[in-house]
Amino acid sequence: MTNAVAADGTAPTLIASAQRALRLLETAARYPKGATAKQLARDTDLALGTAYHLLRTLVHDHYLERRSGHYLIGPAVAGLVRDDGPATGRARLKALLGVLADELSAAVYFTWYRHGEVELVEAAEAPGAPLIDRHCYRAAAHAHAAGKTLLAMMTAEERRAHLARYPMVPFTPYTLRDPACLPLLPRQGPRQAAPITQFQEYALGTAGAAVPIVAGNGIGAISVSLPMAQAHRLAGIAAQLRTRMGDDFAAVAFGI
C-alpha cells in the first residue's frame, strides 16, 4: 500500500503516536476476552512503556476498557461506525453486557420502555448466576427490579396505563401489590438515585437490583439478578453498576 500524496504533491505528515494507538486498538479487537498489555505490546512490536502510555489514553477516552489486567474494546468504538444495522448494534450491546456479567459475577439485563411496553432487549448470564425466567417479564414489571425502575421513571399517566393493562398480580408471596408503594424517580437526571432492589418478588430464590439509564426521551434500566444465597453481594454489585452507567453506555444501549 503506497502513501497518499497531499494536494501540493508533498508526502503527508504521519503522526506516529496515532498510528501506534490505532495498531493497539486493532490488535485488542482480535481478543474478544481481552489481552494484557504485554500481549498487545508484543503483537504490535511496541516497547512495553510506550504501550502502557497509549493504553492509558485509550482507556481514558473509552476506546478500550481495562478489566482484571486485560484490555477490551470499549463503548466509544461504537461511535466510529455511522450505521451498521440493528444486528451489529445488538451484538455490541450483548458483548458489553457479557463483560459486565463476567466482571460482576451476576446475570445482567438491559430493559427499556418503548412503544408503551416494558421490553427486555438483551441479557447475559454468569457462572453461578443464571438468567431468570423471562416468560412473564412484561406483565411482571411491578415485581422485578428493572420493571420497577422503569415504572418509577414513567409519568403518572404512563404508569396508570401500564398497570391497567398489567395489574399488580402476585408472582410470589413477596410481590408488591399496592401501586402507592412503587418507588418514584425523576425522569431527568436519575443517575444519583439509589438502585432499586427486589427480593423474591418476581421468582422465589432470586434477588435483583437495577439502575436507570436515560438517553433523550428514552428510559431504560440495567439490572442484575442473583440467587438468594448470594443476596449479600447485591448492594455492592448495584453500587458498581451505577458507576458504570454513562453516556457512552447509553449510546450503545439505545443505539440498536
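This text goes with the structure placed above it.
This one's a predicted model, so the numbers in the text were calculated from it and none came from an experiment.

Undergrad: Requested: an account of the overall build of the protein, with residues and values cited.
TA: Within the protein one finds 8 helices and 7 strands. Considering only intrachain contacts with a sequence separation of at least 6, the fraction spanning at least 24 residues in the protein is 60%. Carbon and sulfur atoms make up 56% of the accessible area of the protein, which amounts to about 13,300 Å² in all.

Undergrad: How would you explain empty space enclosed by the protein if you had to name every residue and give the values?
TA: Scanning the model with the defined rule gives 1 cavity of 30 Å³ or more in all. In this structure, the largest cavity spans a volume of roughly 90 Å³. Lining the largest cavity are 14 residues, and of these Ile-132, His-144, Ala-145, Val-224 and Ser-225 lie nearest its centre. When residues of the lining of the largest cavity are traced back to their parent elements, those giving at least two are helix 5 (145-153), strand 6 (206-215) and strand 7 (218-227). The residue inventory of the lining of the largest cavity, partitioned by class, reads 8 nonpolar, 6 polar and no charged.

Undergrad: Tell me about the packing of helix 2 (residues 37-44) against helix 3 (residues 48-60), residues and numbers included.
TA: Contact pair helix 2 / helix 3: the axes reach a minimum separation of 9 Å and the direction vectors enclose 115°. Taken as axis vectors, helix 2 and helix 3 run roughly perpendicular relative to one another. In this structure, the crossing between helix 2 and helix 3 has a hand that is right-handed. Packed against helix 2, whose contacting residues are Ala-37, Lys-38, Leu-40 and Ala-41, the element helix 3 presents Leu-48, Ala-51, Tyr-52 and Leu-55 at the interface. A class-by-class count of the residues in the contact of helix 2 with helix 3 yields 7 nonpolar, no polar and 1 charged.

Undergrad: Go over the nonpolar core, please, and point to the residues and values.
TA: Counting 32 residues, the largest nonpolar core has Phe-110, Ile-213, Ile-222, Val-224 and Phe-249 as the members making the most contacts within it. Broken down by secondary-structure element, the contributors of at least two residues to this core are helix 4 (85-104), strand 3 (107-114), strand 4 (117-124), strand 6, strand 7, helix 7 (234-244) and helix 8 (247-253). In contact with Phe-110, not counting residues within four places along its chain, are Leu-93, Leu-97, Glu-119, Leu-120, Val-121, Glu-122, Ile-213, Gly-220, Ala-221, Ile-222, Ala-253 and Phe-254. The next biggest cluster of nonpolar side chains, apart from the first, holds 29 residues, and it includes Ile-132, Ala-141, Leu-163 and Leu-176.

Undergrad: Break down helix 7 for me, citing the residues and quoting the values.
TA: Listing the buried residues of helix 7 in full gives Leu-234, Ile-237, Ala-238, Leu-241 and Arg-244. When helix 7 is viewed along its axis, its buried side chains cluster within an angular range of 115° and face the same direction. Exposed and facing more than 90 degrees away from the buried side of helix 7 are Ala-235 and Thr-243.

Reading the values: rules and limits
- Residues numbered from 1 in each chain as written.
- Predicted model: local features only at pLDDT ≥ 70, side-chain atom pairs only at ≥ 80, totals over all residues.
- Heavy atoms only, no water.
- Helix = DSSP H or I, 4+ residues; strand = E, 2+ residues; numbered from the N terminus.
- Contact = heavy atoms within 4.5 Å.
- Areas by Shrake-Rupley, 256 points an atom, 1.4 Å probe, with all protein chains shown as cover.
- 1 Å grid on protein atoms, 1.4 Å probe; cavity = no way out; pocket = protein on both sides within 12 Å on 5 of 7 lines; lining within 4 Å.
- Points joined across faces, edges and corners; volume = space filled by probe spheres on them.
- Nonpolar A, V, L, I, M, F, W, Y, C, P; charged D, E, K, R; others polar.
- Axes fitted to C-alpha atoms, helices over the stretch in contact; angles between N-to-C directions.
- Parallel < 35°, antiparallel > 145°, perpendicular 65-115°, else oblique.
- Left-handed = near helix turned anticlockwise from the far one by under 90°.
- Core = buried A, V, L, I, M, F, W, Y, C linked by side-chain atoms within 4.5 Å.
- Buried < 20%, exposed > 50% of the residue type's maximum accessible area, 1.4 Å probe, protein only.
- Arc of directions from axis to C-beta.

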